[in-house]
Amino acid sequence: QVQLVESGGGLVQAGGSLRLSCAASGRTFGNYAMGWFRQAPGKEREFVASITWSGRRTYYAESVQGRFTISRDNAKNTVYLQMNSLKPEDTAVYYCAFHKQGDYMARASYDYWGRGTQVAVSS
């Protein structure tokens, strides 16, 4: 059974930092690219960042470029999202997902999702 469990969310002031983790099981983690998405209240789930299976290539949404960093540890079956200089507009539930095929920035390219972790940024 494939599982993804996110952690590390919380409440932080604008300008602060958080590090999200996503622990994977039930699949050979190192064979798959991974992605982070987020969904704010009343909005569509949107792409945040992705990383290839080797970790050599990463992709970011323009809105987080230069502030967020995605990384992975294949020995620990875990993908991370370091979030710095947080803004109130970063408030959302953050989800990690396994990439299946296709466009790294498209939701439809991902097949398994975690339940998410809440991030709230106060102004």
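Look up a bit, the structure's there.
Every value quoted in this text rests on a predicted model; they were computed, and no experiment measured them.

With that out of the way, let us pick up the nonpolar core. With 33 residues, the main nonpolar core has Trp36, Val79, Leu81, Met83 and Tyr94 as its most contacted residues. When contributions to this core are tallied by element, the ones reaching two or more residues are β3 (18-25), β4 (34-39), β5 (46-51), β7 (68-73), β8 (78-83), β9 (92-99) and β11 (117-122). Looking at this core, the element that brings in the most residues is β9, giving five residues.

Glancing now at the sheet that holds β3. Within the open sheet, the four strands sit side by side as β1-β3-β8-β7. Their pairing is antiparallel. The open sheet has two free edges, formed respectively by β1 (3-7) and β7, since each of these has just one partner strand. Recorded for the sheet is a direction-independent mean angle of 15° between the axes of neighbouring strands.

Moving on, we get to the side chain of Asp90. Take Asp90: it is sitting in the loop between β8 and β9. Owing to a relative accessible area of 1%, Asp90 belongs among the buried residues under this scheme. Within the local environment of Asp90, its side chain forms a polar contact with the side chain of Arg38, the two groups lying 2.9 Å apart. In this structure Asp90 touches Arg38, Arg67, Phe68, Ser85, Val119 and Val121, once residues within four positions along its chain are discounted.

Glancing now at the pattern of salt bridges. Side chains bearing opposite charge may pair, as long as their charged atoms lie close to each other. Using the criterion set out here, one finds five salt bridges in the structure. Here Asp111 ties to Arg27 by a salt bridge, and the two come within 2.9 Å at their closest N and O atoms. Remark: Arg27 occurs in the loop between β3 and β4 and Asp111 occurs in strand β10 (residues 110-113); sequence separation between them is 84 residues. Assessed through its relative accessible area of 27%, Asp111 is described here as partly exposed. A salt bridge links Glu46 to Arg38; the nearest nitrogen and oxygen atoms lie 2.6 Å apart.

The rules behind each value
- Residues numbered from 1 in each chain as written.
- Predicted model: local features only at pLDDT ≥ 70, side-chain atom pairs only at ≥ 80, totals over all residues.
- Heavy atoms only, no water.
- Core = buried A, V, L, I, M, F, W, Y, C linked by side-chain atoms within 4.5 Å.
- Buried < 20%, exposed > 50% of the residue type's maximum accessible area, 1.4 Å probe, protein only.
- Helix = DSSP H or I, 4+ residues; strand = E, 2+ residues; numbered from the N terminus.
- Pairing = 2+ DSSP bridges.
- Axes fitted to C-alpha atoms, helices over the stretch in contact; angles between N-to-C directions.
- Polar contact = N/O pair within 3.5 Å; in protein donor to acceptor, adjacent residues only side chain to side chain.
- Contact = heavy atoms within 4.5 Å.
- Salt bridge = Lys/Arg side-chain N within 4 Å of Asp/Glu carboxyl O.

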